[in-house]
Amino acid sequence: MTWLPDDFVHPVHVPVPGTTVHLRPIREADTAIDYPAVMGSRERLWQIFGPAWGWPAESMTYEGDRADLRRHEEEIAAHQSFNYALLDEAETALLGCVYVDPPERAGADGEISWWVVDELAGGDVEKALDAFVPRWIAAAWPFRHARHLGRDISWADWLALPPAS
């Protein structure tokens with residue numbers, strides 16, 4: 001049995017209420033907008049994700065980012081994990097990401113995390129995303145116990161959990 005039901009269809013366009021932004025599965029073709037978003041917010045993102053994921057490395061190249069996005073696109077197609085880009089209406093700017101992953105640690109059936117670029121940190125879009133993601137996951141995804149990393153459990157506490165079986 002996989003981590004998702006065989007008949008599950010993942011959302012492909014998800015408006016974030018109260019904003020002009022939306023989520024959609026990330027693609028390799030998004031590298032041109034993903035790379036500046038990630039590297040422009042790299043120091044803050046490293047503080048969040050670095051200890052757990054080793055991402056984003058200071059040495060990450062454009063081609064390395066392209067390879068990561070290709071892998072994400074392939075994982076989405078195979079329903080192995082999901083990376084949603086947070087995009088402006090015209091999809092000319094990547095403003096953050098939402099990750100929906102199978103559990104790496106015991107006690108959950110899905111692990112969710114997200115971020116916004118530095119210029120949106122603490123602002124209305126981040127607040128709207130913070131309020132929306134848990135509701136969206138509960139309504140649109142087949143999890144009984146989704147864990148929101150860095151939100152309902154600290155990254156340090158998550159890292160201390162035993163691996164998922």
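Residues numbered from 1 in each chain as written. Predicted model: local features only at pLDDT ≥ 70, side-chain atom pairs only at ≥ 80, totals over all residues. Heavy atoms only, no water.

Trainee: Quick one: what's the story with the overall build of the chain, residue by residue and with numbers?
Mentor: Regarding its fold elements, the chain presents five helices and six strands. Secondary structure elements in the chain, listed N-terminal to C-terminal, are β-β-α-α-α-β-β-β-α-β-α. Taken over the C-alpha trace, the chain has a radius of gyration of 15 Å; the compact-globule value for 165 residues is 15 Å, and the two agree within 12%. Projected onto the principal axes, the alpha-carbon positions of the chain cover approximately 35 × 30 × 30 Å. Burial status across the chain gives 46% buried among its 165 residues. Residue pairs at least 24 apart in sequence account for 63% of intrachain contacts in the chain once pairs closer than 6 positions are excluded. Surface summary for the chain: the accessible area is close to 8,300 Å², and the carbon and sulfur share equals 54%. Of the charged side chains in the chain, 13 are positive and 27 negative; the average position of the first set lies 2 Å away from that of the second. (Helix = DSSP H or I, 4+ residues; strand = E, 2+ residues; numbered from the N terminus. Rg over C-alpha atoms; globule rule 2.2 N^0.38 Å. Buried < 20%, exposed > 50% of the residue type's maximum accessible area, 1.4 Å probe, protein only. Contact = heavy atoms within 4.5 Å. Areas by Shrake-Rupley, 256 points an atom, 1.4 Å probe, with all protein chains shown as cover. Lys, Arg positive; Asp, Glu negative; His and termini not counted. Charge placed at Lys NZ, Arg CZ, Asp CG, Glu CD.)

Trainee: Tell me about the nonpolar core, residues and numbers included.
Mentor: Val 98, Trp 115 and Trp 141 are the most contacted members of the largest nonpolar core, which totals 47 residues. At the level of elements, α1 (31–40), α2 (42–53), α3 (62–77), β3 (82–87), β4 (94–101), β5 (110–116), α4 (124–140) and α5 (155–160) are the ones that each hand at least two residues to this core. Per element, the largest residue contribution to this core is seven residues, and it comes from α4. Those residues in contact with Trp 115 that lie beyond four places of it in its chain are Ala 37, Val 38, Leu 45, Phe 49, Trp 55, Leu 94, Leu 95, Gly 96, Cys 97, Tyr 99 and Leu 129. (Core = buried A, V, L, I, M, F, W, Y, C linked by side-chain atoms within 4.5 Å.)

Trainee: So, the pattern of salt bridges: which residues are in play, and what are the values?
Mentor: Opposite charge on two side chains allows them to pair when their charged atoms are near. Scanning all chains against the criterion turns up nine salt bridges. For Arg 24, the salt bridge identified is with Glu 91, shortest N-O distance 2.9 Å. Here Arg 24 is found in strand β2 (residues 22–25), whereas its partner Glu 91 is found in the loop between β3 and β4, with 67 residues between them in sequence. Taking relative accessible area as the criterion, Glu 91 reaches 27% and is therefore assigned partly exposed. Put simply, Arg 71 and Asp 68 hold a salt bridge, and the shortest N to O gap is 3.8 Å. Taken as a pair, Arg 71 and Asp 68 lie in helix α3 at a separation of three residues, close to a single helical turn. (Salt bridge = Lys/Arg side-chain N within 4 Å of Asp/Glu carboxyl O.)

Trainee: Describe in detail the environment of Pro 56, supporting the description with residues and values.
Mentor: Structurally, Pro 56 is set in the loop between α2 and α3. Owing to a relative accessible area of 0%, Pro 56 belongs among the buried residues under this scheme. The spacing of Pro 56 and Val 14 is 42 residues in sequence and 25 Å in space, taken between C-alpha atoms. Discounting chain neighbours no more than four positions away, the residues touching Pro 56 are Val 38, Arg 42, Leu 45 and Trp 46.

Trainee: For the side chain of Glu 111, give the residues involved together with the corresponding values.
Mentor: Summarising the element assignment, Glu 111 is placed in strand β5. Side-chain polar atoms of Glu 111 contact the backbone nitrogen of Glu 104, separated by 3.0 Å. Within the structure, the side chain of Glu 111 is placed 2.8 Å from the side chain of Trp 158, a separation counted as a polar contact. With residues up to four places along the chain from it excluded, the contact list for Glu 111 reads Tyr 99, Val 100, Asp 101, Pro 102, Pro 103, Glu 104, Arg 105, Arg 147, Leu 149 and Trp 158. (Polar contact = N/O pair within 3.5 Å; in protein donor to acceptor, adjacent residues only side chain to side chain.)

Trainee: Tell me about the packing of α1 against α3, residues and numbers included.
Mentor: Here α1 crosses α3 at 115°, and the two axes come no closer than 10 Å. Between α1 and α3, the angle falls in the class roughly perpendicular. Judged by the sense of rotation from one axis to the other, the crossing of α1 with α3 is right-handed. Between α1 and α3, the residues in contact are Thr 31, Ala 32, Asp 34 and Tyr 35 and Tyr 62, Asp 65, Arg 66 and Leu 69, respectively. (Axes fitted to C-alpha atoms, helices over the stretch in contact; angles between N-to-C directions. Parallel < 35°, antiparallel > 145°, perpendicular 65-115°, else oblique. Left-handed = near helix turned anticlockwise from the far one by under 90°.)

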